[in-house]
Amino acid sequence: GLHVLDGTAGWRRVSDASVRALHETRDGRLLIGRSDGLHALQGGDTVRIWPRPGEAGAAGPVSAIAEDRAGRIWISPYTAGLRRIDPQGGVVSLRE
């Protein structure tokens with residue numbers, strides 16, 4: 001699971017899922033590679049980024065997260081090869 005330290009309330013659990021990878025982007029977002037896909041910490045809660053709701057195919061554990069010079073996020077899901085996420089448009093593309 002994932003816990004955050006709240007300055008007034010102490011530790012608070014924000015995710016029960018197994019965390020496989022963490023990455024802080026240039027703009028300060030915390031990305032979380034979990035057993036069920038890629039999530040971001042927003043407002044103290046986690047929001048799923050990949051797979052998007054209704055997207056075909058099952059999510060797999062995201063074991064690696066990286067950011068390139070253009071600000072694109074690259075993830076390595078266990079069951080889906082290499083994926084690139086464009087933070088501007090949210091486009092997900094497969095790279096083999």
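Note that this is a predicted model, so its numbers are computed, not measured.

A. Broad picture of the overall build of the protein chain. The number of helices and strands found in the protein chain is zero helices and 10 strands. The buried share among the 96 residues of the protein chain stands at 35%. Across the protein chain, the fraction of contacts at a sequence separation of at least 24, relative to all contacts at a separation of at least 6, is 30%. For the protein chain, the exposed area adds up to about 5,800 Å²; of that, 49% sits on carbon and sulfur atoms.

B. Representation of the pairing of strand 7 (residues 62-67) within the structure. Examined bridge by bridge, strand 7 and strand 8 (residues 73-77) share four bridges and lie antiparallel to one another. By the bridge assignment, alanine 66 is partnered in strand 8 with tryptophan 74. Between strand 7 and the antiparallel strand that follows it, strand 8, lie five residues; glycine 71 among them carries a positive phi value of about 85°.

C. Geometry of the nonpolar core. In this structure, Ala21, Leu31, Leu38, Ala40, Trp50, Val62, Ile65, Ile73, Ile75 and Ile85 together form the largest nonpolar core, which totals 10 residues. Looking at this core, the elements that each hand over two or more residues are strand 5 (37-42), strand 7 and strand 8. Look past the residues within four positions of leucine 31 in its chain and what remains in contact with it is Ala21, Leu22, His23, Thr25, Leu38, His39, Ala40, Ile49, Ile65 and Ile73.

D. Representation of the environment of glutamine 42 within the structure. Structurally, glutamine 42 can be placed in strand 5. Along the chain, glutamine 42 and leucine 31 lie 11 residues apart, while their C-alpha atoms are 9.6 Å from each other.

E. Here's a closer look at the sheet that holds strand 5. Taken in spatial order, the four strands line up as 3-4-5-6 in an open sheet, and their pairing is antiparallel. Pairing within the sheet leaves two strands with one partner each, and these edge strands are strand 3 (19-24) and strand 6 (45-50). On average, each strand axis in the sheet is inclined to that of its neighbour by 30°, with strand direction left out of account. Examined bridge by bridge, strand 4 (residues 30-34) and strand 5 share five bridges and lie antiparallel to one another. Bridge pairing in strand 5 links leucine 30 to leucine 41.

F. Just the pattern of salt bridges, in detail. Per the counting criterion, the structure on display carries four salt bridges. Note that glutamate 67 and arginine 26 form a salt bridge whose closest N and O atoms lie 3.7 Å from each other. Taken together, the residues span a long stretch of sequence, with glutamate 67 in strand 7 and arginine 26 in the loop between strand 3 and strand 4 at a distance of 41 residues. For glutamate 67, a relative accessible area of 23% puts it in the partly exposed group. Given a relative accessible area of 56%, arginine 26 falls into the exposed group. A salt bridge links arginine 29 to aspartate 27; its shortest N-O distance comes to 3.7 Å.

Criteria and cut-off values
- Residues numbered from 1 in each chain as written.
- Predicted model: local features only at pLDDT ≥ 70, side-chain atom pairs only at ≥ 80, totals over all residues.
- Heavy atoms only, no water.
- Helix = DSSP H or I, 4+ residues; strand = E, 2+ residues; numbered from the N terminus.
- Buried < 20%, exposed > 50% of the residue type's maximum accessible area, 1.4 Å probe, protein only.
- Contact = heavy atoms within 4.5 Å.
- Areas by Shrake-Rupley, 256 points an atom, 1.4 Å probe, with all protein chains shown as cover.
- Pairing = 2+ DSSP bridges.
- Core = buried A, V, L, I, M, F, W, Y, C linked by side-chain atoms within 4.5 Å.
- Axes fitted to C-alpha atoms, helices over the stretch in contact; angles between N-to-C directions.
- Salt bridge = Lys/Arg side-chain N within 4 Å of Asp/Glu carboxyl O.

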